[in-house]
Amino acid sequence: MALVTASRRCSARETRLGRTAALTSAGVYFLVPILCALAFTVGLGDPRQKPGLDAYAAIFTTDGLAQSLGLTLLLAGATVVLVFGLLLPALLAVRLAAPRAKALVAVVCMLPLVVPAVALGAGMTTVLRWATDWLYDAPGFPLLAALQQPGFPVILVLAYTLMALPLAYTTLESGLNAIEVKVLVEAARSCRASWFRTLFLVVLPNLREALLNTAFLTIALVLGEYAVSALLGFQPFAVWTVAISGSHAQLSVAVSMVGLIGTWLILLAVAKLGRSKASKETS
């Protein structure tokens, strides 16, 4: 009995040591580059420069930041709406009416993982050039031009939606697996609730955390996406950050650090909001 107890203690100690080593390695892997970037933005290690927060102060006065960030947030909001508009009806229809189509929907949603972002951007650029040449005098040319308006490039919303489908599908599918959608819908319909009330007052409140996580992941993807936007010739936030890196290296890294910290804060807020809602519902 004593030997069994001692072996269990040794096993638990080894498990704790392994967990500590893994977490420490992961922390070093992620924190060291971030600390080096922070040191670079404040001028530490450069004898020619006096340490300070000039790079962060210049963020608010740099030309192009407000326009690029506003465009990115507008594209992010439109992408979130389009992702929800495509995925939620499809996943609910699979759950309620066509369970055999679940595999097909999963394959279609995961397919963008196979296509790299560079290949997607190059393909879209080729198609747009071909369409511009062939449809220049056709009635559909105004629609093609509207897709590429610099003020609000709808073509980027379509590209971001394709790229966000795998993340959104995984998150929403996990949320749907945690609840009994069919039971909730049948109970609401038996109480003579309309489909609109059933969806917005019964189903969606139970998917609150999954919806928040999906929206956050989609916004984070849009904020950090560079390849497709650059290939299509637009300048949202990520492209603008790279564009100014040649002449304002410290400012570019400072903007990236502010965006990274802001993303972390949003993630923590989403996680806290989901936990608080869950604790209130259980209590």
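Computed from a prediction, not measured in an experiment: that's the story for all the values here.

## Section: the packing of helix α3 (residues 65-96) against helix α10 (residues 208-224)
- Viewed as axis vectors pointing N to C, α3 and α10 meet at an angle of 135°, and their least axial separation amounts to 9 Å. Considered as vectors, α3 and α10 are oriented oblique to each other. Two packed elements cross with a definite hand, and for α3 against α10 that hand is right-handed. In this structure, α3 contributes Thr 72, Leu 73, Leu 75, Ala 76, Thr 79, Val 80, Phe 84 and Leu 88 to the contact, and α10 contributes Leu 211, Thr 214, Ala 215, Thr 218, Ile 219, Val 222 and Leu 223.

## Focus: the nonpolar core
- The biggest cluster of nonpolar side chains holds 25 residues, and the ones touching the most others in it are Leu 87, Leu 88, Leu 172, Leu 207 and Leu 211.
- For this core, the elements supplying multiple residues, two or more each, are α3, α4 (102-110), α7 (154-177), α8 (181-190), α9 (195-206) and α10.
- Broken down by element, this core gets its largest block of residues, 8 residues, from α3.
- Excluding anything up to four places from it in sequence, Leu 207 contacts Leu 88, Gly 175, Leu 176 and Ile 179.
- Among the nonpolar cores identified, the runner-up in size contains 19 residues, and Ala 76, Leu 156, Leu 221 and Val 228 belong to it.

## Digging into a nonpolar patch on the surface
- Taken together, Leu 31, Leu 35 and Leu 38 make up a surface patch of nonpolar side chains, about 260 Å² in accessible area.
- Summarising the element assignment, Leu 38 is placed in helix α1 (residues 2-42).
- Here Leu 38 falls in the partly exposed class, since its relative accessible area comes to 30%.

## Some points on the confidence of the model for the protein
- Mean pLDDT over the protein works out to 82, with 90% of the residues at or above the 70 mark.
- Per-element mean pLDDT across the protein ranges from 71 in helix α13 (residues 249-282) up to 92 in α7.

## Brief notes about the layout of surface pockets
- If you add up the space inside the largest pocket, you get close to 410 Å³.
- Only α3, α10, α12 (237-243) and α13 provide two or more residues apiece to the lining of the largest pocket.
- Looking at the lining of the largest pocket residue by residue, the class counts come to 12 nonpolar, 6 polar and no charged.

## Let's talk about the pattern of salt bridges
- Under the defined criterion, the tally for this structure stands at 2 salt bridges.
- Residue Glu 173 is joined to Arg 95 by a salt bridge in which the shortest nitrogen-to-oxygen separation is 2.7 Å. Pair noted here: Glu 173 is in helix α7 and Arg 95 is in helix α3, with a separation of 78 residues, a long-range link.
- On the basis of relative accessible area, Glu 173 is assigned to the buried category, the value being 9%.

## So, the packing of helix α5 (residues 117-134) against α7
- With their axes 12 Å apart at the nearest point, α5 and α7 run at an angle of 145° to one another. Here the hand of the crossing between α5 and α7 comes out right-handed. Taken together, the residues of α7 that come into contact with α5 (itself represented by Ala 117, Leu 120, Met 124 and Leu 128) are Ile 155, Ala 159, Leu 162 and Met 163.
- A class-by-class count of the residues in the contact of α5 with α7 yields 8 nonpolar, no polar and no charged.

## Looking at the packing of aromatic side chains
- The tally for this structure, following the rule as stated, stands at 2 aromatic pairs.
- Aromatic side chains Tyr 29 and Phe 30 sit 5.2 Å apart centroid to centroid with 90° between the ring planes, which places their arrangement in the edge-to-face category.
- A relative accessible area of 62% means that Tyr 29 is categorised as exposed.
- On the basis of an interplanar angle of 40° and a centroid distance of 4.6 Å, the ring pair of Phe 196 and Phe 200 is categorised as tilted. Linking Phe 196 with Phe 200, this pair stays in helix α9, spanning 4 residues, or about one helical turn.
- A relative accessible area of 43% means that Phe 200 is categorised as partly exposed.

## Section: empty space enclosed by the protein
- In the structure shown here, the tally under the stated rule is 2 cavities of 30 Å³ or more.
- In this model, the largest cavity occupies a volume close to 40 Å³.
- In this structure, the largest cavity is lined by Leu 91, Val 94, Arg 95, Lys 102, Val 105, Tyr 169 and Glu 173.
- Approximately 30 Å³ is the volume found for the second largest cavity.
- Forming the boundary of the second largest cavity are Phe 216, Ile 219, Ala 220, Leu 223, Thr 263 and Ile 266.
- Those elements that place two or more of their residues in the lining of the second largest cavity are α10 and α13.
- Ranked by residues supplied to the lining of the second largest cavity, first place goes to α10 with 4 residues.
- In terms of residue class, the lining of the second largest cavity is made up of 5 nonpolar, 1 polar and no charged.

## Here's the deal with unusual backbone geometry
- With phi around 65°, Arg 192 is a residue other than glycine that occupies positive phi space.
- Along the chain, Arg 192 turns up in the loop between α8 and α9.

Parameters at a glance
- Residues numbered from 1 in each chain as written.
- Predicted model: local features only at pLDDT ≥ 70, side-chain atom pairs only at ≥ 80, totals over all residues.
- Heavy atoms only, no water.
- Axes fitted to C-alpha atoms, helices over the stretch in contact; angles between N-to-C directions.
- Helix = DSSP H or I, 4+ residues; strand = E, 2+ residues; numbered from the N terminus.
- Parallel < 35°, antiparallel > 145°, perpendicular 65-115°, else oblique.
- Left-handed = near helix turned anticlockwise from the far one by under 90°.
- Contact = heavy atoms within 4.5 Å.
- Core = buried A, V, L, I, M, F, W, Y, C linked by side-chain atoms within 4.5 Å.
- Buried < 20%, exposed > 50% of the residue type's maximum accessible area, 1.4 Å probe, protein only.
- Patch = residues over 30% accessible without salt bridge, like charges linked within 9 Å, V, L, I, M, F, W, Y side chains within 5 Å.
- Areas by Shrake-Rupley, 256 points an atom, 1.4 Å probe, with all protein chains shown as cover.
- Salt bridge = Lys/Arg side-chain N within 4 Å of Asp/Glu carboxyl O.
- pLDDT = per-residue confidence, 0-100.
- 1 Å grid on protein atoms, 1.4 Å probe; cavity = no way out; pocket = protein on both sides within 12 Å on 5 of 7 lines; lining within 4 Å.
- Points joined across faces, edges and corners; volume = space filled by probe spheres on them.
- Nonpolar A, V, L, I, M, F, W, Y, C, P; charged D, E, K, R; others polar.
- Phe/Tyr/Trp six-rings, centres within 6.5 Å; stacked < 30°, edge-to-face > 60°.

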